[in-house]
Amino acid sequence: MEKKDIDWGNLGFGYMETSYSYVCNYKDGAWEEGGLTTDHSVTVSECAGILHYCQEVFEGLKAYTTEDGRIVCFRPDLNAARMADSAKRLVMPEFPQDKFVEAVKMVVEANKEWVPPFGSGATLYVRPYMFATGVVIGVKPATEYQFRILVTPVGPYFKGGKEAITITVADYDRAAPRGTGDIKAGLNYAMSLHPYEEAHKRGYSENLYLDSATRSYVEETGGANVLFVDKQSNLVVPQSHTNSILPSITRRSLVTVAKDILGMSVVERPVKFEEVTNGDFMECGLCGTAAVISPVGHIEAEGVDVTFVDGAENAGPVMSKLRRTLTDIQSGAIEGPEGWIVEIC
Ligand SMILES: *Cc1c(COP(=O)(O)O)cnc(C)c1O
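Every value quoted in this text rests on a predicted model; they were computed, and no experiment measured them.

A.B. asks: What should I look at first to understand the layout of surface pockets in this one?
C.D. replies: Over the atoms a probe the size of a water molecule is rolled, and this reveals where empty space is left. Within this model, the largest pocket holds a volume of roughly 1,200 Å³. In terms of residues, the lining of the largest pocket owes the most to one element, helix H4 (residues 186–201), which gives five residues. Class assignment for the residues of the lining of the largest pocket results in 21 nonpolar, 16 polar and seven charged. In this model, the second largest pocket occupies a volume close to 600 Å³. Put simply, the parts of the chain that give the lining of the second largest pocket at least two residues each are strand S5 (61–65), strand S7 (123–132) and helix H7 (317–331). The greatest single-element share of the lining of the second largest pocket, amounting to four residues, is contributed by H7.

Rendered as structure tokens:
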């Protein structure tokens, strides 16, 4: 099997059309068989539900090559389950979870020339998504949907040099008006674009969102969960009173790695933003599929600038150790818990 002639080491995080996508339609109360397609465009009615009332949910995972040459992906069953939860919240049908995992395997295997080689730092980004294709004009859920998976090779998240990022506290609530903060849906991202632009204009990489009811607890950033390390080297994981933090698969995996593999103490609890501004934490990081952990160097709120000394330029010791252990599990260098690495071919 020949790999595509791509400069894998210099890929950015962009979209490139590959050989196949996966498509499956929902109609008359049931999902059809579904399968691969070479048609990378979507045609829908001008009155499709997605275009008016935004019934759309998505997932993101990566497929990559291990040191011994296998193509694998990481915990796709959790993406399947989370997408089912997101769909339920937007009154969309659940895409069967076994079928989801089979579809991921099918589309990755069909595109195996596009899976970056081991050691390149690049991965094949896998984007399952589902949207309302059925027509609606009165406000109600559509009756027809399409589930698709597109795959595209993406570059390494860190390319050397200073890696720490800066974040600022958003004046906005992420998705507070509709309370959809714990689902992975395009509508939450649409709501985050304006604050994201505002943060960028002021020189920050991301926004930190606080709880919408009291604006005193840390929730997460626009697209990543937040982790802290306190002065006793405990991993502190913010919890939400209102379940409005997206259940990141990377975060849940890092908690297991910290507890069961590194023997660290992990505290999952509501975290007051005041603790951050008081300087109670030694390290801060953002976690998600793409980067595993991005260290945070500074957090700003209303003129108060908190610097994480250990991580101001590069990841601090605890974040580095966590990131290395999880990436070693992902690459197959060390054995992880049963079922985490799913072999595709
Ligand atoms: C996808 C996402 C994350 C990260 O989740 P992973 O499963 O670790 O990739 C965190 N927050 C939000 C809002 C997200 O959409």
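Past the structure itself, the notes keep going.
A.B. asks: Looking at this structure, I do not really get the environment of Asp 7. What am I missing?
C.D. replies: Along the chain, Asp 7 falls in the segment before strand S1 (21–27). Of the residues examined, Asp 7 reaches a relative accessible area of 52% and is grouped as exposed. Among the polar contacts listed, one links the side chain of Asp 7 to the side chain of Asn 10, at a separation of 2.7 Å.

A.B. asks: Is there a simple way to think about the site of the ligand in this case?
C.D. replies: Lys 184, Tyr 189, Ser 248, Thr 250 and Thr 289 are the nearest of the 15 residues found near the ligand. One nitrogen or oxygen atom from the main chain of Ile 249 is found 2.9 Å from an oxygen atom belonging to the ligand. When the ligand is considered free in solution it has 380 Å² of accessible area, and contact with the protein chains removes 97% of it. Put simply, the ligand lies in the largest pocket. For the shell around the ligand, the class distribution of residues is four nonpolar, seven polar and four charged.

A.B. asks: When you look at the state of the cysteines in this model, what are you seeing that I'm missing?
C.D. replies: Chemically, a disulfide is nothing more than a covalent bond linking the sulfur atoms of two cysteines. Per the counting criterion, the structure on display carries zero disulfides. Here Cys 24 is not cross-linked by a disulfide; its sulfur's nearest cysteine counterpart is in Cys 73, at 18 Å.

A.B. asks: Is there a simple way to think about the domain arrangement of the protein in this case?
C.D. replies: Note on interface size: it is often stated as the accessible area lost on association of the parts. Along its sequence, the protein is organised into domain 1 (8–154) and domain 2 (165–330). One C-alpha centre belongs to domain 1, the other to domain 2, and the line joining them spans 26 Å. Counting residues at the interface gives 21 residues for domain 1 and 20 residues for domain 2. The tally of links between domain 1 and domain 2 comes to zero salt bridges. The interface formed by domain 1 and domain 2 holds seven residue pairs in polar contact (both at pLDDT 80 or more) in total. Those elements that place two or more of their residues in the side of domain 1 that touches domain 2 are strand S4 (56–58), S5, strand S6 (71–74) and helix H2 (76–89). A per-element tally of the side of domain 1 that touches domain 2 places H2 first, with six residues.

Calculation criteria
- Residues numbered from 1 in each chain as written.
- Predicted model: local features only at pLDDT ≥ 70, side-chain atom pairs only at ≥ 80, totals over all residues.
- Heavy atoms only, no water.
- 1 Å grid on protein atoms, 1.4 Å probe; cavity = no way out; pocket = protein on both sides within 12 Å on 5 of 7 lines; lining within 4 Å.
- Points joined across faces, edges and corners; volume = space filled by probe spheres on them.
- Helix = DSSP H or I, 4+ residues; strand = E, 2+ residues; numbered from the N terminus.
- Nonpolar A, V, L, I, M, F, W, Y, C, P; charged D, E, K, R; others polar.
- Buried < 20%, exposed > 50% of the residue type's maximum accessible area, 1.4 Å probe, protein only.
- Polar contact = N/O pair within 3.5 Å; in protein donor to acceptor, adjacent residues only side chain to side chain.
- Near = heavy atom within 4 Å.
- Areas by Shrake-Rupley, 256 points an atom, 1.4 Å probe, with all protein chains shown as cover.
- Sits in = over half its atoms within 2 Å of the grid points.
- Disulfide = S-S within 2.5 Å.
- Domains from an automatic or database assignment.
- Contact = heavy atoms within 4.5 Å.
- Salt bridge = Lys/Arg side-chain N within 4 Å of Asp/Glu carboxyl O.

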